[in-house]
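An overview of the molecular structure
In case you want the letters, here they are:
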Amino acid sequence: MTRQDEVVLDVQDLVKHFPLTTGIVLKRQVGAVKAVDGVSLQLHKGETLGIVGESGCGKSTLAKLLMRLEEPTSGQALYKGRNIYDLQGKALRELRRNIQIVFQDPYSSLNPRMTVGDIVGEPFDIHPEVAPRGERRRRVQELLEVVGLSPEHINRYPHQFSGGQRQRIGIARGLALRPEIIICDEPVSALDVSVQAQVVNLLESLQDEFGLSYIFIAHDLSVVRHISDRVAVMYLGRIAEIGSDTEIYEKPTHPYTQALLSAVPVPDPSVRGQRQQIILTGDVPSPANPPSGCRFRTRCWKATDKCAEEVPELVVRPGSDHPSACHYAAVREDVVVHH
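Residues numbered from 1 in each chain as written. Predicted model: local features only at pLDDT ≥ 70, side-chain atom pairs only at ≥ 80, totals over all residues. Heavy atoms only, no water.

1. Here's the deal with the overall build of the protein
Within the protein, the regular secondary structure consists of 11 helices and 12 strands. If you line up the protein on its principal axes, its C-alpha atoms span 65 × 60 × 45 Å. The 339 residues of the protein split such that 51% are buried. If you take every contact in the protein between residues at least 6 apart in sequence, the share linking residues at least 24 apart comes to 65%. Just so you have it, the protein exposes about 16100 Å², and 49% of that area is on carbon and sulfur atoms. Taking the average location of the 39 positive side-chain charges in the protein and that of its 42 negative ones, the two points are 6 Å from each other. (Helix = DSSP H or I, 4+ residues; strand = E, 2+ residues; numbered from the N terminus. Buried < 20%, exposed > 50% of the residue type's maximum accessible area, 1.4 Å probe, protein only. Contact = heavy atoms within 4.5 Å. Areas by Shrake-Rupley, 256 points an atom, 1.4 Å probe, with all protein chains shown as cover. Lys, Arg positive; Asp, Glu negative; His and termini not counted. Charge placed at Lys NZ, Arg CZ, Asp CG, Glu CD.)

2. Some thoughts on unusual backbone geometry
Note: most peptide bonds trans; most residues except glycine with negative phi. Phi at Asp13 takes a positive value of approximately 50 degrees, unusual for a residue other than glycine. Relative to the elements of secondary structure, Asp13 occurs in strand S1 (residues 7-22). By relative accessible area, which is 46% here, Asp13 ends up partly exposed. We note that Lys80 has phi near 55 degrees; this positive angle belongs to a residue other than glycine. Given the relative accessible area of 53%, Lys80 is considered exposed.

3. Brief notes about the side chain of Thr253
Looking at the secondary structure, you find Thr253 in the loop between helix H8 (245-250) and helix H9 (255-262). Take Thr253: its relative accessible area is 2%, and that puts it in the buried class. Of the polar contacts made by the side chain of Thr253, one reaches the side chain of Ser324; its length is 3.2 Å. The residues contacting Thr253, other than those within four sequence positions of it, are Glu241, Gln258, Ser320, His322, Ser324, Ala329, Ala330 and Val331. (Polar contact = N/O pair within 3.5 Å; in protein donor to acceptor, adjacent residues only side chain to side chain.)

4. What to know about the pattern of salt bridges
Scanning the entire structure with this criterion turns up 15 salt bridges. The partner of Arg299 in a salt bridge is Glu54, with the nearest N and O atoms 3.4 Å apart. Of this pair, Arg299 sits in the loop between helix H10 (269-272) and helix H11 (305-309) while Glu54 sits in the loop between strand S3 (48-52) and helix H1 (59-67), and the two are 245 residues apart along the sequence. When its relative accessible area of 9% is taken as the criterion, Arg299 is described as buried. When its relative accessible area of 26% is taken as the criterion, Glu54 is described as partly exposed. (Salt bridge = Lys/Arg side-chain N within 4 Å of Asp/Glu carboxyl O.)

Here's what the structure looks like:
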């Protein structure tokens, strides 16, 4: 078994519905927001799985579920063969040590009243077995150096750093407990474009150095392609298509993926002239009242009666080499994004 063959996280039919209630005193459930509705995926050791989709598609809810910041309505996520939602006590603490998160906004995810040393060293207070108290200052300085910051800045406060530097502090905090998996929830979306590349390159070098596995959540398709080995495209709580970066970006088969890629800016005029931009009609349906059958059918130019009646399974379709949740999945060459 090669390193990339080893599955470290196996998500099976994960569901999270948030109840909608009416009334102030006697609350009555009148429905549910189906934020995540049957997501299955695997994360392999040492790989980066990118998750993309429009705002509100369920990406961040999925991240919270995998961190156990939210409990699922149903489904399971197996970490090394054990369902993380069954873990309690010591086993749950061990899980939290091995799965860490880097948040989207470096301005709000760091406590402004704490020094950088306290922020990066706080995980050691919760997991004292990782670093004895006498070694913590040295360990924090090492972590700052690993992410490209000066160890001498250990006594500074977050407001004394730029946005990119603050995100590096967040990454150092995520690395503190030597996790196996890091969930990156839109870690560069709040940063300038030039700084985004620096942070992505840092994440890649840390992955090589420490053998990390990433779930990288973003809405920027270009950033996701740069860092990901495989990509899952989400729409309204479900995965529409999943495959290697080459399969998704050069052989997209789901109409939603094709529409997303057709909107990616292309600097080369000769390539830009060969591409047809797909303009989607209508708004994204409410996750509280999603369409029957295929959730994308209300905006899809291929939709038929079958799409309204049958939920398309996420399977490999004829003429394709990766799974797609579309009854009529097919490659469209005119929307492909080349290197």
